[in-house]
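Overview (structure and organization)
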Number of protein chains: 2
Amino acid sequence: MSERRYDPTHGEWVTVATGRQDRIYKPAAAACPLCPTRAAHEPTEIPRGHFEIAVFDNRFPSLSPRPPEPAIPGTDLVPVEPAYGHCEVVVFTDDHDATLADVGVARVHLLVEAWARRVADLGADPGVRYVLPFENKGEAVGVTLHHPHGQIYAYPDVPPRPAREIAAARAHHDRTGRCVFCDVVAAEAGGVREVLAGEHFVAGVPPWARFPYEVDIWSRAHVPSLPELAPEARADLARVLARVLAGYDRYFDVRTSYLLGIHAATTDGADRDVTHLHVEICPPHRGGGKLKYLAGSETFGGAFLTDVAPEVAAERLRAACADATAPA
Amino acid sequence: MSERRYDPTHGEWVTVATGRQDRIYKPAAAACPLCPTRAAHEPTEIPRGHFEIAVFDNRFPSLSPRPPEPAIPGTDLVPVEPAYGHCEVVVFTDDHDATLADVGVARVHLLVEAWARRVADLGADPGVRYVLPFENKGEAVGVTLHHPHGQIYAYPDVPPRPAREIAAARAHHDRTGRCVFCDVVAAEAGGVREVLAGEHFVAGVPPWARFPYEVDIWSRAHVPSLPELAPEARADLARVLARVLAGYDRYFDVRTSYLLGIHAATTDGADRDVTHLHVEICPPHRGGGKLKYLAGSETFGGAFLTDVAPEVAAERLRAACADATAPA
């Protein structure tokens, strides 16, 4: 079963994909499906003996270009649709034991290029309206495969959170005539919550951070999406991202778990005056080895609580990023 | 620091409460602050040698009736407000080793009465617009105190998720002239996703379940909030809730972790034609000892994926609830 069901009590679609339940769960390193194929009789997902970045269709997709017919009939109250879309896996390196924080700026740059190309390609599908590249890293956020990798989801609609972001940006634009993210960059760049300043991107803990050590990376210029990013800006994003991730590892003194997502424009060309490329990175850590959980207030209220002042988190991460040896 | 900061990029408030970082973290049972006071020189939070239900102000609140002045100045872009509100702790029993699933129907009934009274009292504060009773249970959802307890938050506004729920219900009402939850009850009661049928409440896995074994408990009648619930309906809610929780423990064969929240009307009397009392219970389990994590699609997309068909989850939980020994 793989289908989208509409929740009329919240006005959102939920995807039920039972095939995902069988996905590979924490395999031994020797059985890693994301490692290069070393013996012809034991192929992994990647039929090469060596690679830099590999992108392929997720074998356990929740959204697919040829989704099955829904298992239950839709109703006027609860419409049901085939789960159309794309789910891709992006492997960052053939080194099973590396992480994105230590593969080096050149490889992160190649990843930015790969993301941009996949966003453009998937966005060209008229059945797709939003493309979300993301990485779930570490057991603390539930990762089931340790080989360094991310994912790209191409949704048939604008999913709820980007939709709210666009609505908020539209409201701000209606009120002020400006892009809200351009205003955020103007307010935050060079300020107490800045973590790292690149030429084209600035990283900072947003004043409203939902996770204690959340870092957002904002394009300084009003660029709606990755494919429109100039070559020198792509290189700068790679430098800033690599350094922020290295800074996390230095500050927490572990290979830091996090969720990373890229928010950008819809793929149908709408709302480009208010959509502004940015990366959000949310580690679940709140310090001292303790984790931040999303509990009652976040789950049922949607009301986030954090325990660390964003100004303090920024000061700590700024120092850690400055100290971190820049990966080559 | 305890203050609310507005996120203009999503149109939501986030609360920064740094005092919470010092909250008591997994104390030994002998140092439990929620146990009865057994020796005068070692008082716990509860100055009694025995109690049934205890309710008191959270010592590490994120919202409080006398919040400090904000530490940073607000701006037109990012308004900042004192974190006004109330955070209460509700202790379900003086037995440190019990859980809400095994305290018995009589105690759950007393809890429903306590919730109703606190919702009425807190809602009478003109500075409060929404009261959310919830329980975070188990280490899997990050609980730091094991003594069985829940919490009540009284917010100065309608928090984001209830606000979206009310907006969706309003849209449904505008389109159909009916309450969306009344329609859900009509569609789900007695159907394949029903888990347990009480006289006044019905429990079921919603067709759009966000967690694989989510169970919602809906009032059959259009009742906006707990204080308006008739005495016999309160007793029925207690019976249904106690049995669902016992069914979880039977099905998963462990003391099941979950998040539980109660959605109801705002406290200012608005939208009562579309607000309809219901309980949501979300265990993080997806079967076989594996947990459901909220990862990239949920966090950055707001797009939930689940691995278990709601019809299958309902069948399993229906059987488990039928088999579970009803707590006395």
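Quick caveat, the model's predicted, so the values are computed rather than measured.

Quick notes on the rules
- Residues numbered from 1 in each chain as written.
- Chains lettered and ligands numbered in written order.
- Predicted model: local features only at pLDDT ≥ 70, side-chain atom pairs only at ≥ 80, totals over all residues.
- Heavy atoms only, no water.
- 1 Å grid on protein atoms, 1.4 Å probe; cavity = no way out; pocket = protein on both sides within 12 Å on 5 of 7 lines; lining within 4 Å.
- Points joined across faces, edges and corners; volume = space filled by probe spheres on them.
- Helix = DSSP H or I, 4+ residues; strand = E, 2+ residues; numbered from the N terminus.
- Nonpolar A, V, L, I, M, F, W, Y, C, P; charged D, E, K, R; others polar.
- Phe/Tyr/Trp six-rings, centres within 6.5 Å; stacked < 30°, edge-to-face > 60°.
- Buried < 20%, exposed > 50% of the residue type's maximum accessible area, 1.4 Å probe, protein only.
- Lys NZ or Arg CZ within 6 Å of the ring centre and 35° of its normal.
- Contact = heavy atoms within 4.5 Å.
- Buried area = accessible area lost by both parts, 1.4 Å probe.
- Salt bridge = Lys/Arg side-chain N within 4 Å of Asp/Glu carboxyl O.
- Polar contact = N/O pair within 3.5 Å; in protein donor to acceptor, adjacent residues only side chain to side chain.
- Pairing = 2+ DSSP bridges.
- Core = buried A, V, L, I, M, F, W, Y, C linked by side-chain atoms within 4.5 Å.
- Axes fitted to C-alpha atoms, helices over the stretch in contact; angles between N-to-C directions.
- UniProt positions renumbered as here; feature names shortened; annotations may be inferred.
- Parallel < 35°, antiparallel > 145°, perpendicular 65-115°, else oblique.
- Left-handed = near helix turned anticlockwise from the far one by under 90°.
- Least-squares fit on C-alpha atoms with pLDDT ≥ 70 in both.
- Disulfide = S-S within 2.5 Å.
- Expected span 1.5 Å × (residues − 1).

On inspection of all chains with the given rule, the structure shows six cavities of 30 Å³ or more. Reported here for the largest cavity is a volume of approximately 500 Å³. Taken together, the elements giving at least two residues each to the lining of the largest cavity come down to helix H2 (160–176), strand E12 (278–282) and helix H5 (296–301) of chain A together with helix H2 (160–176), strand E12 (278–282) and helix H5 (296–301) of chain B. Of the residues contributing to the lining of the largest cavity, the split by class is eight nonpolar, four polar and 14 charged.

Before going further, it helps to examine the packing of aromatic side chains. Any pair of aromatic rings gets described here by the distance separating the centres and the angle formed by the planes. Residues and elements named next belong to chain A. Across all of its chains, the model carries 16 aromatic pairs over all chains by this definition. When the centroid spacing of 5.1 Å and the interplanar angle of 85 degrees are considered together, the rings of tyrosine 213 and phenylalanine 252 count as edge-to-face. You can see tyrosine 213 sitting in the loop between strand E9 (201–204) and strand E10 (215–219) and its partner phenylalanine 252 sitting in helix H4 (residues 231–252), a full 39 residues away along the chain. For the pair formed by tyrosine 213 and phenylalanine 252, the shared burial category is buried. Among the aromatic residues, those joined into a ring-pair cluster are Tyr213, Tyr248, Tyr251 and Phe252. When the ring centre of phenylalanine 304 is taken as reference, the NZ or CZ atom of arginine 210 above it lies at 5.5 Å.

Our focus in this paragraph is the interface of chain A and chain B. Of the residues lining the interface, 78 residues belong to chain A; the matching set on chain B comes to 78 residues. Around 6800 Å² of area is buried between chain A and chain B when both sides are counted, 57% of it from carbon and sulfur atoms. Taken as a group, His10, Trp208 and Phe300 of chain A account for 12% of the area that chain A buries against chain B, more than any other trio of residues on that side. Across the contact surface, chain A and chain B share ten salt bridges. Residue arginine 210 of chain A pairs with glutamate 12 of chain B through a salt bridge whose shortest N-O separation is 2.8 Å. Seen at the junction of chain A and chain B, the total is 32 residue pairs in polar contact (both at pLDDT 80 or more). Looking at which element gives the most residues to the side of chain A that touches chain B, the answer is H2 of chain A, with eight residues. Tallied by class, the residues present in the side of chain A that touches chain B amount to 40 nonpolar, 19 polar and 19 charged. As paired strands, strand E2 (residues 12–17) of chain A and strand E15 (residues 304–306) of chain B are joined by three bridges and run parallel to one another. By the bridge assignment for E15 of chain B, threonine 15 of chain A is matched with leucine 305 of chain B.

Turning to helix H3 (residues 180–188) of chain A, its buried residues are Val180, Phe181, Asp183, Val184, Val185 and Glu188 of chain A. Looking at the buried residues of H3 of chain A, the elements they touch are H2, strand E8 (194–197), E9, E10 and E12 of chain A.

With that out of the way, let us pick up the nonpolar core. If you look at the biggest cluster of nonpolar residues, it comprises 51 residues, and the most contacted ones within it are Ile217, Leu226 and Ile281 of chain B. Broken down by element, this core gets its largest block of residues, ten residues, from helix H4 (residues 231–252) of chain B. Sequence-distant contacts of isoleucine 217 of chain B, defined by excluding residues within four places in its chain, comprise Phe201, Val202, Ala203, Leu237, Val240, Leu241, Val244, Leu277, His278, Val279 and Ile281 of chain B. In this structure, Ala238, Val244, Leu245 and Ala264 of chain A belong to the second largest nonpolar core, which totals 49 residues.

Okay, the sheet that holds strand E5 (residues 86–91) of chain B next. All names here are of chain B. With antiparallel pairing, nine strands are arranged side by side in an open sheet as E3-E5-E7-E6-E11-E12-E10-E9-E8. Each having just a single partner strand, strand E3 (54–57) and strand E8 (194–197) make up the two edges of the open sheet. Strand-to-strand twist across the sheet, computed as the mean angle between neighbouring axes with direction ignored, equals 20 degrees. Most of the contacts of helix H6 (residues 310–323) go to E8, to which it runs at about 30 degrees, and overall it touches E8 and strand E10 (215–219).

What follows concerns the pairing of strand E7 (residues 149–155) of chain A. Residues and elements named next belong to chain A. Counting buried positions along E7 yields seven of seven residues, so the element is predominantly enclosed. A two-sided burial pattern is seen for E7, the buried positions comprising His149, Gln151, Tyr153 and Tyr155 on one face and Gly150, Ile152 and Ala154 on the other. By the bridge criterion, six bridges tie strand E5 (residues 86–91) to E7 in an arrangement that is antiparallel. Bridged to cysteine 87 within E7 is tyrosine 153. As paired strands, strand E6 (residues 130–137) and E7 are joined by five bridges and run antiparallel to one another.

Look at the UniProt record and you will see "domain: Galactose-1-phosphate uridyl transferase C-terminal" (unreviewed entry) annotated at residues 194–319 of chain A. Between the first and last C-alpha atoms of residues 194–319 of chain A the distance is 11 Å; the span itself is 30% helix and 25% strand.

On to the packing of helix H1 (residues 105–123) of chain B against H4 of chain B, then. Residues and elements named next belong to chain B. Running from N to C, H1 and H4 point in directions that differ by 125 degrees, and their axes come no closer than 8 Å. One finds that H1 runs oblique with respect to H4. Between H1 and H4 lies a crossing whose hand is right-handed. Counted together, Val105, Val108, His109, Val112, Glu113, Trp115 and Ala116 of H1 and Pro231, Arg234, Ala235, Leu237, Ala238, Arg239, Leu241 and Ala242 of H4 form the full contact between these two elements. Of the residues that constitute the contact of H1 with H4, the class distribution is eleven nonpolar, one polar and three charged.

Its rotation angle being 180 degrees, the transformation that places chain A on chain B also includes 0.0 Å of axial translation and leaves an RMSD of 0.0 Å. Here the copies are linked by what is in effect a two-fold axis. The C-alpha atom lying nearest the rotation axis in chain A is that of leucine 294 of chain A; the distance is 4.5 Å. Comparing interface residues between copies, 100% of those in chain A also sit at the interface in chain B, which points to an isologous, same-surface contact.

Here we come to the state of the cysteines. Applying the stated criterion across every chain yields a total of zero disulfides over all chains. Note on cysteine 282 of chain A: no disulfide assigned, nearest cysteine sulfur contributed by cysteine 321 of chain A at a separation of 15 Å.

So, on to H2 of chain A. Look at H2 of chain A: 24 Å from first C-alpha to last across 17 residues, which is about the 24 Å you get at 1.5 Å a residue. The secondary structure elements touched by the buried residues of H2 of chain A are E2, E6, H3, strand E11 (258–263) and E12 of chain A together with H5 of chain B. The positive-phi residue at the C-terminal boundary of H2 of chain A is glycine 177 of chain A, with phi of around 80 degrees.

Under the counting rule described, the total for this entry stands at 54 salt bridges over all chains. A salt bridge links arginine 164 of chain A to glutamate 12 of chain B, with the shortest nitrogen-to-oxygen separation between them at 3.7 Å. Remark: glutamate 12 of chain B occurs in strand E2 (residues 12–17) and arginine 164 of chain A occurs in helix H2; the pair is interchain, linking two chains. Look at the salt bridges and you will find they share partners, linking Asp7, Glu12, Arg164 and Arg210 of chain A together with Asp7, Glu12, Arg164 and Arg210 of chain B into a network.

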